Amino acid sequence: MRYVMVQIPKPPSAASPTPRSIPTSADVARLAGVSRATVSYVLNNTSAVRISEPTRRRVRQAAKELGYVPHAAARSLRAGHSRMVLMSAPAIPMGLLYAQFLNDLQWALSRLDYTVVQYGTAGLRGDEAARAWAELRPVAVLVPGAELGPEGVAVLKRAGARAVVTFGPERVEGAHALLMDHDAVGHCAGAHLHARGRRRIGVVVPEGSGLETYSRPRVEGVRAALRGTGATVTELPLALTEQSAAELAARWRTLGIDAVFAYNDEYAMLLMRALQDEGVRIPEDIAVVGADDLMLGRLLRPRLSTVHIDLPSGRDLAELVDRAVRDTGCEPETHKVLGASVVQRDSS
């Protein structure tokens, strides 16, 4: 067999496209027929200068046509600070209720002309994370849980952060604090189950998820509610997996428990399904209470009893941040939040 070598010609290389120049405020000004100062006033939402609405519309339309956006760094230099609010992305699963709270907060801050940036802290903890956040020069920093110490607060303030807000069970020196009373959540659940005639109460402790900051106070809240009553408390480690729930449910009848507070609704729903698969009747054999009052709990059969938690509104926290940014001399505020109340349904 003969082989014929064929040379495939290379196509001519396409000419490199000419890079497009980045549009500037001067370009917007020319297209809109206004001064650069007017462009700056309109696009930075400056209220100190009166500009007619038709002019504002013309400037915004010109910016849209050109694809122009203000330069954040330049704007920060002019203002002396950025409009960036840095929010530490939680390194642990926080649940649907907390996620909704963060969404509301970000929306409220955007309405006040702040840009919210979530910063993942994988591999960074405490004051080391604070130094990484400080490099971005945020005007405010929001930190969930116990991820920050006084030194970290000082680092952020030296870098220009006008407000540092923590939300968790303890106050951090130098920072505004939203103190979340997780003991009250557990206390509500424990008192409710005792009032329903339950005396051997299990408490789910999330396993391997880093939620000790929140779960431990809830356990202690249950213990406090039952102290002196003769009722017993049994801690039940549980991972948020079907296998873990099935393993716990398989040995349920050996535990001698007649009620369980399942940390939150997600763990409660997971455990309820596993118990029902084992033939355990709810609430006849075991009463179940969750926390967070998620809509999904109302769709279960039996409907899930829960602890309703009152988080601060996103608007209230956004106003606290804005107030601290505007008034650099204000003393750190401390607010106790996380009101708790039982919503009794069919599972208890």
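Anyway, here's the lowdown on the structure attached to this text. (Residues numbered from 1 in each chain as written. Predicted model: local features only at pLDDT ≥ 70, side-chain atom pairs only at ≥ 80, totals over all residues. Heavy atoms only, no water.)

## Section: the overall build of the protein
Helix and strand content of the protein: 13 helices and 12 strands. With 348 residues in all, the protein has 45% of them scored as buried. For the protein, long-range pairs separated by at least 24 residues make up 70% of all intrachain contacts whose partners lie at least 6 apart in sequence. For the protein, the accessible area works out to roughly 18,800 Å², and carbon and sulfur atoms hold 52% of it. (Helix = DSSP H or I, 4+ residues; strand = E, 2+ residues; numbered from the N terminus. Buried < 20%, exposed > 50% of the residue type's maximum accessible area, 1.4 Å probe, protein only. Contact = heavy atoms within 4.5 Å. Areas by Shrake-Rupley, 256 points an atom, 1.4 Å probe, with all protein chains shown as cover.)

## What to know about helix 1 (residues 25-32)
Within helix 1, the full set of buried residues consists of Ser25, Ala26, Val28, Ala29 and Ala32. What you see down the axis of helix 1 is that its buried residues fit within an arc of 160 degrees, all on one side. The inward-facing, buried residues of helix 1 contact helix 2 (36-43) and helix 3 (53-66). Just beyond helix 1, the residue with positive phi is Gly33, at close to 75 degrees. (Arc of directions from axis to C-beta.)

## Details of the pattern of salt bridges
Overall, the coordinates contain 15 salt bridges when judged by the stated rule. Two residues, Glu235 and Arg223, come together in a salt bridge whose shortest N-O distance is 3.1 Å. Of the two residues, Glu235 sits in strand 7 (residues 232-238) while Arg223 sits in helix 9 (residues 212-226), which places them 12 residues apart along the sequence. Classification of Arg223 as partly exposed rests on a relative accessible area of 30%. The salt bridge involving Glu333 is made with Arg323; its shortest N-O contact spans 3.1 Å. Here Arg323 lies in helix 13 (residues 314-326) and Glu333 lies in the loop between helix 13 and strand 11 (334-337), a separation of 10 residues in the sequence. What makes Arg323 partly exposed here is its relative accessible area of 40%. Counted as one network, the salt bridges with shared partners bring together Arg216, Glu220, Arg223 and Glu235. (Salt bridge = Lys/Arg side-chain N within 4 Å of Asp/Glu carboxyl O.)

## Quick word on the side chain of Asp265
One can find Asp265 in helix 11 (residues 265-277). No salt bridge is formed by the buried Asp265; its nearest oppositely charged neighbour, Arg345, is found at 5.9 Å. One polar contact links Asp265 to Thr306, side chain to side chain, over a distance of 2.8 Å. When neighbours within four sequence positions are excluded, Asp265 is seen to be in contact with Gly290, Ala291, Asp292, Asp293, Leu294, Leu304 and Thr306. (Lys, Arg positive; Asp, Glu negative; His and termini not counted. Polar contact = N/O pair within 3.5 Å; in protein donor to acceptor, adjacent residues only side chain to side chain.)

## Comments concerning the packing of helix 8 (residues 182-195) against helix 9
Axis separation between helix 8 and helix 9 bottoms out at 6 Å; the angle between their running directions is 40 degrees. When the interaxial angle is binned, helix 8 and helix 9 end up oblique. As helix 8 runs across helix 9, the sense of the crossing is right-handed. Two secondary-structure elements touch here, helix 8 through His182, Asp183, Val185, Gly186, His187, Gly190, Ala191 and His194 and helix 9 through Tyr214, Pro217, Arg218, Glu220, Gly221, Val222, Ala224, Ala225 and Leu226. Residue classes in the contact of helix 8 with helix 9 are distributed as 8 nonpolar, 6 polar and 3 charged. (Axes fitted to C-alpha atoms, helices over the stretch in contact; angles between N-to-C directions. Parallel < 35°, antiparallel > 145°, perpendicular 65-115°, else oblique. Left-handed = near helix turned anticlockwise from the far one by under 90°. Nonpolar A, V, L, I, M, F, W, Y, C, P; charged D, E, K, R; others polar.)

## Structural notes on the sheet that holds strand 4 (residues 163-168)
Reading across from one edge, 2-1-3-4-5-11 is the order of the 6 strands in this open sheet, with parallel pairing throughout. Sheet topology places strand 2 (115-120) and strand 11 at the edges, where each strand pairs with a single neighbour. Across the sheet, the axes of successive neighbouring strands diverge by a mean angle of 20 degrees, strand direction being ignored. Sheet topology places strand 4 next to strand 5 (residues 176-180); 4 bridges connect them, and they run parallel. (Pairing = 2+ DSSP bridges.)

## Observations regarding the environment of Val143
Structurally, Val143 can be placed in strand 3 (residues 140-144). Along the primary structure Val143 and Ala130 are separated by 13 residues, whereas in three dimensions their C-alpha atoms are 9.8 Å apart. With residues near it in sequence (within four places) discarded, Val143 still touches Ser88, Trp133, Leu148, Val165, Thr166 and Phe167.

## Notes on the sheet that holds strand 12 (residues 339-343)
Hydrogen bonding along the main chain pairs the strands of a sheet, whether they run parallel or antiparallel. Taken in spatial order, the 6 strands make up an open sheet running 7-6-8-9-10-12, and their pairing is mixed. Where the open sheet ends on each side, the last strands, each with one partner, are strand 7 and strand 12. Pairs of neighbouring strands in the sheet enclose a mean axial angle of 20 degrees, with direction left out of account.

## With respect to the packing of aromatic side chains
Considering all chains together, one arrives at 1 aromatic pair under this definition. For the ring pair Tyr263 and Tyr267, a centre distance of 5.8 Å and an interplane angle of 85 degrees mean the geometry is edge-to-face. The ring centre of Tyr114 lies 3.9 Å from the NZ or CZ of Arg83, which sits over that ring. The ring of Tyr263 is capped by Arg218, whose NZ or CZ atom sits 4.7 Å from the centre of that ring. (Phe/Tyr/Trp six-rings, centres within 6.5 Å; stacked < 30°, edge-to-face > 60°. Lys NZ or Arg CZ within 6 Å of the ring centre and 35° of its normal.)

## Focus: unusual backbone geometry
Look at the link from Ile282 to Pro283: it is a cis peptide, with omega at 10 degrees. Inspection of the secondary structure puts Pro283 in the loop between helix 11 and strand 9 (287-291). For the bond from Arg301 to Pro302, the omega torsion is 0 degrees, close enough to zero to count as cis. Counting through the fold element by element, Pro302 comes out in the loop between helix 12 (295-299) and strand 10 (305-310). With phi around 70 degrees, Tyr263 is a residue other than glycine that occupies positive phi space. The class of Tyr263 is buried, set by a relative accessible area of 7%.

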